[in-house]
Amino acid sequence: MKIINRILIAPIVVLQLICSSSKVVGQNAHTSKKNKKIEVYTTAENTNLRLSLSNNLISKPTSQQTKSTVSIQLDPDKTDQTFLGIGGAVTDASAEVFAKLSPKKQQEFLSAYYDKNKGIGYSLARTNIHSCDFSSDSYTYVQEGDKELKTFNIDHDRKYRIPLIKKAIETAGGKLTLFVSPWSPPAFMKDNNDILHGGVLLPEFAQSWANYYAKFIKAYEKEGIPVWGLTIQNEPMAKQRWESCIYTPEAERDFLKNFLGPTLEKEGLGAKKVIIWDHNRGDMLTTRANLVFSDPEVSKYAWGIGFHWYETWNGGTPKFESVGEVHKAFPDKNLIFTEGCIEKFDATKFQFWGNAERYGLNMINDFNNGTVAWTDWNILLDQNGGPNHVGNFCFAPIHADTTKDELIYTPMYYYIGHLSKFIRPGAKRIIQTTSDKNLISTSFKNADGKVITVVMNQSDKEIVYTLINHDLQNTITIPAHAMQTIVY
C-alpha cells in the first residue's frame, strides 16, 4: 500500500516539472562529435522514475560503458508509415466515472491524458454508437421497431459522454481525431431480436442500419464534436453476452459496398474514414484485408483495417506478423489498433508491472509493423473495473476511487505516455535495427525534425546500449524492466 500511495502523488506535477526543466537539463547533456544533445526520459520498476528526465543515464565518452556491444541503429534515410495518433476510448463507463469526480480531480484527469505539456498528449479517441458492455445498461437511439429512424436522438449521451468528449477536445488544444464504433444494431434489426448475444443484421434492415451511422455522425457533429472516421462493427466474429453482431467477411464487404459506403457519400459524409474488421490480429485480419482491399468497388470506401490484441485469449502469442503482412500487401491502406485492455480486473494489481510491459510490447511491435495509430480501451474506470452491465470488469491506465475522490495511475499510463507524449501526429517512422532481443525499440521523426526513439527493457538486468544515428552516437543505460524515450 505504501508503494501505491507513493505512485499516486500527483503525476501531473511530475510531468510539469519534466517539461519546465527539460531545457535546463538538456543543456547539460554531454555533446561531442559522437554525442549530440539529447534528453532521456525513463519509467522503471522498483524506482521513483515515472516519465522522469534522466540524462544521468547517458554515459560520458570516457566511461567503460561506451564499450557496450548492444546497439540500436537508425537508418534515417529509410522511413515508413506516417503517425496518426495515440489515444483511448471515451465510453459510457468512463464518462459516468468522470462525472463522480470533484472538479479539481476532473481537471487533473483531463490534463493527465490530453495536455501534451502537463500530461501524455492523447490525440486520438474512440467512442461507442449507443451501448456497449462498458455502459450501465443497454440502450439505442430509436424506439423499438422504428425502421425509418423517426425517433432517433442522442439525448442519452448528453448527460455524461458528450460533455466529457467536449472537455477532452478542449484540453487537447481544440482537436482530437475521433472515430466511432457500433457494438450491435438495435434488437429489431437482428435475426435473434436481441441487442446482445451475437445474431446477424437482417437484410431488410441493411439500409436502415446504414442510415443510423449517418444520423449518429451528424448528431455528434451538430454538438460540436467532429467525427473523423468509423468502424463497421466491433468484433464482428464474436458472439458475446453483451452487445454484439456477427458479420462474415462477405457480409461485411457487401454491407460496406452496397449500403454503408454509398449512404455516407449520399449524406455528404464520404470523407469519413471507414475501418473494416475491428477485431483480433491473426488469419482473419489477413482474410478481411484481401477480400475488401482486392475489390476496387468496395476498397474505394475503406480507409484501412482495425485490429485488437485479444488473439492471445487461449494462451497463444500476439500475431504481430499478420499486421506486417497486411501492411506489405496493401501499403496504400492504413492499419489502426482500435482496442486493447488488460482483462479480468483485480484490485490487487493496480501497480502490476507486467500489465505495462504488455502495452509496451504491443505498441512497439504494432508500430514496427506499419500501424499508424493505436487506441487503448476505456480511458477511465472505477475502483471495481467498471461500470459494466454484464460484469466484464477490466483495467484502465487510470482508475478513480470514487469513494475517496482519488485517481490511481497505473504503470500502463506511463508506458503509453512514453510514445503518446513525444511522437506527434505527422511523424514518420524511421527504419532501425536492434541487436539485443531483450530490448525492443521503435523510432519516429516528428514534423519539427526531432527524432524520438522509444526503448523497452523486458529483462531483470540493466542494459547499456549505444544509440546510433548516422555519425551520431550516444551510450545510454536502461534499468531493468523499464521504458525510455530519447529525444534528440
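The text that follows walks through the structure, step by step, so that each part is easy to find. (Residues numbered from 1 in each chain as written. Predicted model: local features only at pLDDT ≥ 70, side-chain atom pairs only at ≥ 80, totals over all residues. Heavy atoms only, no water.)

Section: the sheet that holds strand 17 (residues 451-457)
What the 9 strands build is an open sheet, ordered 2-1-20-17-16-15-3-18-19; its pairing is mixed. Every interior strand has two partners, whereas the edge strands, strand 2 (52-53) and strand 19 (472-478), have only one. Here strand 16 (residues 439-445) pairs with strand 17 via 7 bridges, running antiparallel. Following the sheet pairing, Ser-441 is matched in strand 17 by Val-455. Packing against the sheet, helix 12 (residues 353-368) makes contact with strand 1 (39-44), strand 3 (70-82), strand 15 (428-434), strand 16, strand 17 and strand 20 (482-487), and its axis sits at approximately 50° to strand 16. Together, strand 1, strand 16, strand 17 and strand 20 form the strand contacts of helix 13 (residues 411-420), whose direction differs from that of strand 20 by roughly 20°. (Pairing = 2+ DSSP bridges. Helix = DSSP H or I, 4+ residues; strand = E, 2+ residues; numbered from the N terminus. Contact = heavy atoms within 4.5 Å. Axes fitted to C-alpha atoms, helices over the stretch in contact; angles between N-to-C directions.)

Topic: the sheet that holds strand 8 (residues 273-280)
With respect to topology, 8 strands assemble into a closed barrel ordered 4-5-6-7-8-9-10-11, the strand pairing being parallel. Geometrically, the sheet is characterised by an average inter-axis angle of 25° between neighbouring strands, direction not taken into account. With 6 bridges connecting them, strand 5 (residues 124-129) and strand 6 (residues 177-182) associate as parallel partners. For Leu-124, the partnering residue across the bridge sits in strand 6 and is Thr-177. The sheet strands contacting helix 12 are strand 4 (85-89), strand 9 (302-308), strand 10 (334-339) and strand 11 (371-378), and the helix crosses strand 11 at an angle near 155°.

Examining helix 9 (residues 283-293)
Listed in full, the buried residues belonging to helix 9 are Leu-285, Arg-288, Ala-289, Val-292 and Phe-293. When helix 9 is viewed along its axis, its buried side chains cluster within an angular range of 100° and face the same direction. Buried residues along helix 9 sit in contact with helix 8 (249-266), strand 8, helix 10 (296-299), strand 9 and helix 11 (320-329). (Buried < 20%, exposed > 50% of the residue type's maximum accessible area, 1.4 Å probe, protein only. Arc of directions from axis to C-beta.)

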